[in-house]
Amino acid sequence: MHTCLFAWREALTCVGLGLRDARHAGLWWRSALWCMAVVALWLGLYGYFGRFFVELSAVLAQVSVTGLLGLGLGVMDGVGPLANGPATLSQMGNIAGSLGSAAQALLSIGQIALALLALATLFYVMVFIVGAIGTARLPLRWLLLERARTVAARRYAGWQAPTGLELSAARPAWWRRLLLPLSLLIPVWAMCVLISYLLAWNVQAIYGAAAEEVLSVEQQAALRRAQRPAIFALGLLLCLLMLIPVVNLLLPALLCGSVCHLQRRGWRAADTSIKVA
């Protein structure tokens, strides 16, 4: 619980610091112009390839509920035995029980269908948000990231990468890549994996670029692992900000600035001699 609360506090603080920094170095207007172009692009894609995104959302919802093993079988096959209930009862001659079992089966199917529809709607919106943020992230290295990193560096007096940070990165990360597809085989748990991966993807993708020429690869891996809960919380906050008018135009600048602050606050946590201006 303490780790979760600390991660959310760090994410909220970094978003606030990123919003403050967006006023400087022309970050806000560059972000707004680029973000409007990206949103217009994705609205056009959703309008032209609407059926594809509906089917994609349905597949993601099905994988979330049944896992990859149930993708080929279909959700309705999983509730097929329920439909056999009336036939068994009819063989016993219990007409009232047969009707009740049939009604219960239909109710169960309806509940599953509503749950899948709600989950597919969630993924339909999330794919748009993640896709828009991911597209907006493509030119950020030369468009916003260097400016955001320069502005963020002014807030921290005398910071430096903490010594010994790379020592905690000795554990190999290959097993995590192996666990990701295996975890998608588990029903319901696959939903948590998919959502958490989609939320953290944009932050993870720019995390290494924000730390270039400052941290080594080993130090980046160690700090990334230590800040994994905060990265997830930051990704969720950025997705929620995408739904707020006007503020969502600053999202590319917020992504760059908040990640830079998140890393520097992580260095400060490892080395308390760093002061924040």
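Remember, it's a predicted structure, so these values are computed and weren't measured experimentally.

Here is what the cut-offs are and how they apply
- Residues numbered from 1 in each chain as written.
- Predicted model: local features only at pLDDT ≥ 70, side-chain atom pairs only at ≥ 80, totals over all residues.
- Heavy atoms only, no water.
- 1 Å grid on protein atoms, 1.4 Å probe; cavity = no way out; pocket = protein on both sides within 12 Å on 5 of 7 lines; lining within 4 Å.
- Points joined across faces, edges and corners; volume = space filled by probe spheres on them.
- Helix = DSSP H or I, 4+ residues; strand = E, 2+ residues; numbered from the N terminus.
- Nonpolar A, V, L, I, M, F, W, Y, C, P; charged D, E, K, R; others polar.
- Core = buried A, V, L, I, M, F, W, Y, C linked by side-chain atoms within 4.5 Å.
- Buried < 20%, exposed > 50% of the residue type's maximum accessible area, 1.4 Å probe, protein only.
- Contact = heavy atoms within 4.5 Å.
- Polar contact = N/O pair within 3.5 Å; in protein donor to acceptor, adjacent residues only side chain to side chain.

Enquirer: Which residues make up empty space enclosed by the protein, and what values go with them?
Expert: On inspection of all chains with the given rule, the structure shows 1 cavity of 30 Å³ or more. Residue lining of the largest cavity: C35, V38, V39, A132, I133, A136, M242, L251 and P252, and that is the complete set. If you list the elements that add at least two residues to the lining of the largest cavity, you get α2 (27–48), α7 (95–137) and α13 (251–270). Its residues assigned to classes, the lining of the largest cavity shows 9 nonpolar, no polar and no charged.

Enquirer: Describe in detail the nonpolar core, supporting the description with residues and values.
Expert: Ranked by size, the top nonpolar core spans 65 residues in total, and within it F123, L234, L238, L255 and V259 carry the most contacts. Breaking this core down by element, the ones donating at least two residues are α1 (2–21), α2, α3 (50–66), α7, α8 (140–153), α10 (189–210), α12 (228–241) and α13. Here the element with the most residues in this core is α10; it accounts for 12 residues. Apart from residues no more than four positions distant in its own chain, V259 is found in contact with V203, I206, Y207, A210, L234 and L254.

Enquirer: Can you explain the side chain of N202? Please cite residues and give values.
Expert: In this structure, N202 sits in helix α10. At 3.2 Å, the side chain of N202 and the backbone nitrogen of G134 are in polar contact.

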